[in-house]
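Understanding the architecture of this molecule
Here is what each chain is made of, one letter per residue.
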Amino acid sequence: MSTKLQAIRGMNDLLPDQSPAWQYLERQLRSLMDRYDYREIRTPIVEQTALFARSIGEATDVVEKEMYTFDDRNGESLTLRPENTAAVVRAAMEHGLLHNQTQRLWYMGPMFRYERPQKGRYRQFHQIGIEAYGMTGPDIDAEIILLSARLWRQLGMAEHVTLELNSLGSPEARAAYRESLVAYFESHHELLDEDSRRRLTTNPLRILDSKNPAMAEMLADAPQLLEHLDEESRTHFEQLKSTLDAAGIGYRINPRLVRGLDYYSRTVFEWTTTALGSQGTVCGGGRYDGLVEQLGGKPTPGVGFAIGLERLMLLLDTLDLVPEEAKGGADAYLLAMGDSAEREALLLGERLRDVLPTLRLQVHCGGGSFKSQIRRADRSGATVALILGEDEIANGRLTLKPLRDGSEQRTLELDDAITWLDQQFA
RNA sequence: GUGGGUGUAGCUCAGUGGUAGAGCCCCGGAUUGUGGCUCCGGUGGUCGUGGGUUCGAUCCCCAUCAUCCACCCCA
């Protein structure tokens, strides 16, 4: 057995080649939240275990087998957050954010689930999410869906994602439906496969999602969730759909769409893609009107979604949607030859940064031949090499050597060189 | 937790029961202060790990670990 030090399974390093793309994505997300006037909330990565058990649902896979749970030194059971809605509710209640007021919040950060990693699924992964509290009507449901739709347009991937929509109804309607569904499945017990028999007690709604062709016919005749909606939920759903229609947002009604966490009610939705293999859900959300009360607060409606950033990043990469200018790199590379060249270069670099605050400048360190320094300048990706040789130092000049467009190099008075750089890179 | 694929140089991968290979990358030189193209040279490996078979194992066998994909579930 190897004793090599390495990252924990399913937890990935983000290397410098990838970080410009992530920064681009994060910039897009933050600016979008800002444009809708949602406000950021940051909560700890660790919470009391009970918070997640009580909100997500004791019998869900997430709570039963996917949480990173451990005892603190004082014996208290802690858990690395597997999602962030519960923690946001906890923080909002704790600080009075839900007292007679509405809130539009967003968060972004790492989540942890102990699962077998595969494409688009990792043990430490990142989500950005929205939480809107205190609003009952379908208008706020529509707003967050419109916001997400704008994001896909902003990123240039609107044609590659599909909105799937469903309503779970009130908790009572959902429970009643669940009962009739279990009764139906039990009357066809002999047709159920092993997985489905297990789910009969754990999550019968999930059986509808089975990919087993042998069960297709039986599933087609199963009671429909949408036919068991209570009147209020039906109206809510109809209004949401008509708003989306009016806004030109296409969607597919998916009566089998059942979100995995217990706290959802009424509206649920997912944005999915076929470009990522098996993990096609890029964004999932819905309404959770009972959650705040369930966690000990006054009844407060809530609605939100979460986007998996690794999946979104994978999609951007696959579709080649990260703009070239977002990829970073230096504008200029300053190199120097001659006595005390290293110090002269560092001092000149500081002076350039003083007068050219937007210039991205790398100063060569570590010596080496002139030739190797020029080569480094080229490989740095800089568009121009700034050459400070003995001649230049002696005469107060600087040589500018364009590396990309084939134009001639020029040796200028320092002030003229600064003017030129200002024009190029301001 | 289950199933399948893959572990050889920093990266992508060949390869053979008999002392370890290519391309790319990196470094140096051809070119005293001029990169990319070309040519020459060089650095770099406990062949994932442990055990077994064998005169001899990177290769065959067993175990184990890692990784990828899929199931399950989810973002």
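Refer to the structure presented above.
A few points on the structure. All figures in this text were calculated on a predicted structure; none of them were measured in a lab.

**Describing the overall build of chain A**
Scanning chain A for helices and strands turns up 16 helices and 16 strands. In terms of overall size, chain A is more extended than a compact globule, its C-alpha atoms giving a radius of gyration of 28 Å where 426 residues would be expected to give roughly 22 Å. In terms of its C-alpha atoms, chain A occupies a principal-axis envelope of roughly 95 × 60 × 45 Å. By the burial criterion, 49% of the 426 residues in chain A qualify as buried. Contacts spanning at least 24 positions in sequence make up 69% of the contacts within chain A whose residues lie at least 6 apart.

**As for a nonpolar patch on the surface**
A cluster of nonpolar side chains, contributed by I45, V46 and F70, occupies part of the molecular surface with about 210 Å² of accessible area. With respect to the helices, strands and loops of the structure, I45 is situated in the loop between β1 (39-40) and β2 (46-48). Classification of I45 by relative accessible area gives partly exposed; the value is 34%.

**Section: the protein's contact with RNA strand B**
As a structural note, the neighbourhood of RNA strand B is formed by 50 residues, with R113, R206, R259, G260 and S278 the closest of them. What you see for RNA strand B is that sugar and phosphate hold 59% of its atoms within 4 Å of the protein. Within the side chain of Q279, one N or O atom sits 3.3 Å away from a base nitrogen of RNA strand B. Between E392 and RNA strand B, the recorded distance is 2.8 Å, taken from a side-chain N or O atom to a base nitrogen. Looking at the surface near RNA strand B, the elements that each hand over two or more residues are β6 (124-133), α7 (194-202), β10 (281-287), β11 (302-308), α14 (370-379) and α15 (390-395).

**What about the environment of Y333?**
As for its position among the elements, Y333 is in strand β12 (residues 332-336). Along the chain, Y333 and G349 lie 16 residues apart, while their C-alpha atoms are 9.6 Å from each other. Ignoring anything within four residues of it in the chain, the contact list for Y333 reads L361, Q362, H364, Q373, R376, A377, S380, A382, V384, A385 and L386.

**Details of the pairing of β11**
Burial within β11 is extensive, with 7 of its 7 residues counted as buried. With burial as the criterion, each face of β11 is covered, one bearing G302, G304, A306 and G308 and the other bearing V303, F305 and I307. Relative to β11, β6 runs antiparallel, the two being bridged by 7 bridges. Bridging across to β11, E131 finds its partner in G304. Where β10 and β11 come together, 5 bridges link them in antiparallel fashion. Along β11, the bridge assignment pairs C283 with I307.

**Structural notes on the side chain of T300**
Within the element layout of this structure, T300 appears in the loop between α11 (291-294) and β11. On the basis of relative accessibility, which here comes to 8%, the residue T300 falls in the buried class. From its side chain, T300 meets the backbone oxygen of K298 in a polar contact 2.7 Å long. Every residue in contact with T300, bar those within four places of it in the chain, is listed here: Y133, G134, D289 and V292.

**A few points about the nonpolar core**
Note that soluble globular proteins tend to have their nonpolar side chains buried in a common cluster. Counting residues in hydrophobic clusters, the biggest one holds 47 residues, and the most contacted among them are Y38, W152, W271 and L312. Filtering out sequence-adjacent residues up to four positions away, W271 remains in contact with I145, S148, A149, W152, V161, T162, L163, I249, G280, T281, V282 and C283. In terms of nonpolar packing, the next biggest core, distinct from the first, is built from 46 residues, V89, I207, Y263 and L295 among them.

**Some remarks on helix α13 (residues 341-355)**
With 15 residues, α13 extends 21 Å between its outermost C-alpha atoms, agreeing within 8% with the 21 Å of an ideal straight helix rising 1.5 Å per residue. The complete set of buried residues in α13 reads A341, A345, L348, G349 and L352. Across the axial projection of α13, the buried residues extend over an arc of 110°, all falling on one side. Structural note: α13 exposes R343, L347 and D354 on the side pointing more than 90 degrees away from its buried face. Elements in contact with the buried residues of α13: β12, β13 (361-363), β14 (384-388), β15 (397-402) and α16 (414-425).

**Some thoughts on the sheet that holds β2**
One open sheet accounts for 3 strands, arranged β2-β4-β3; its pairing is antiparallel. Strand pairing shows two members of the sheet lacking a second neighbour, β2 and β3 (68-71), which therefore form its edges. Each neighbouring strand pair of the sheet contributes to a mean axis angle of 35°, computed without reference to strand direction. Pairing between β2 and strand β4 (residues 77-80): 3 bridges, direction antiparallel. Along β4, the bridge assignment pairs Q48 with L78. Across the sheet, helix α2 (residues 49-56) lies against β2, β3 and β4, angled at about 75° from β2, the strand it touches most.

Calculation rules
Residues numbered from 1 in each chain as written. Chains lettered and ligands numbered in written order. Predicted model: local features only at pLDDT ≥ 70, side-chain atom pairs only at ≥ 80, totals over all residues. Heavy atoms only, no water. Helix = DSSP H or I, 4+ residues; strand = E, 2+ residues; numbered from the N terminus. Rg over C-alpha atoms; globule rule 2.2 N^0.38 Å. Buried < 20%, exposed > 50% of the residue type's maximum accessible area, 1.4 Å probe, protein only. Contact = heavy atoms within 4.5 Å. Patch = residues over 30% accessible without salt bridge, like charges linked within 9 Å, V, L, I, M, F, W, Y side chains within 5 Å. Areas by Shrake-Rupley, 256 points an atom, 1.4 Å probe, with all protein chains shown as cover. Salt bridge = Lys/Arg side-chain N within 4 Å of Asp/Glu carboxyl O. Near = heavy atom within 4 Å. Polar contact = N/O pair within 3.5 Å; in protein donor to acceptor, adjacent residues only side chain to side chain. Pairing = 2+ DSSP bridges. Core = buried A, V, L, I, M, F, W, Y, C linked by side-chain atoms within 4.5 Å. Expected span 1.5 Å × (residues − 1). Arc of directions from axis to C-beta. Axes fitted to C-alpha atoms, helices over the stretch in contact; angles between N-to-C directions.

Function-wise, these values are silent; they only describe arrangement.
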